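# Descriptive analysis of the structure
What follows is each chain in one-letter form.
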Amino acid sequence: MNELLRKIREFRSARDWDQYHSPKNLAIALLVEAAELTEHFQWLTQKESFEVAKSKRDAIRDEIADVLIYLVNLADKCGIDPLKAAHDKIEKNRMRYP
């Protein structure tokens, strides 16, 4: 995760994009990318959604990458370790849903 975060920081810094990367803007961009990912599955049956993952794997892979990059970028701006947050949330869910 640290290597990914380093690359994201270098990429945005090299393009002077930090000025645009407020938590609000990153959250919106994350939703846009998640919507683009969702488009690959829109109107498909459960069975078809497994089949499309094979036939459009590269496009789906790129959208998943975009979602992850924006999510890591947002977490960085908010001072949140996303892996720790996910582990903590799993524990909360384990308690809530025994």
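Preceding this paragraph is the structure being described.
Residues numbered from 1 in each chain as written. Predicted model: local features only at pLDDT ≥ 70, side-chain atom pairs only at ≥ 80, totals over all residues. Heavy atoms only, no water.

### Let's talk about helix α1 (residues 2-14)
- An ideal rise of 1.5 Å per residue puts 18 Å on 13 residues; α1 measures up with 18 Å between its terminal C-alpha atoms.
- The inward-facing, buried residues of α1 abut α4 (57-78).
- Positive backbone phi, approximately 55 degrees, marks D16, located one or two places after α1. (Helix = DSSP H or I, 4+ residues; strand = E, 2+ residues; numbered from the N terminus. Expected span 1.5 Å × (residues − 1). Contact = heavy atoms within 4.5 Å.)

### Structural notes on the packing of α1 against α4
- Viewed as axis vectors pointing N to C, α1 and α4 meet at an angle of 85 degrees, and their least axial separation amounts to 10 Å. As far as their axial angle goes, α4 and α1 are roughly perpendicular. Counted together, L4, L5, I8, R9 and R12 of α1 and L68, I69, V72, N73, D76 and K77 of α4 form the full contact between these two elements.
- Among the residues making up the contact of α1 with α4, the classes are represented as 6 nonpolar, 1 polar and 4 charged. (Axes fitted to C-alpha atoms, helices over the stretch in contact; angles between N-to-C directions. Parallel < 35°, antiparallel > 145°, perpendicular 65-115°, else oblique. Nonpolar A, V, L, I, M, F, W, Y, C, P; charged D, E, K, R; others polar.)

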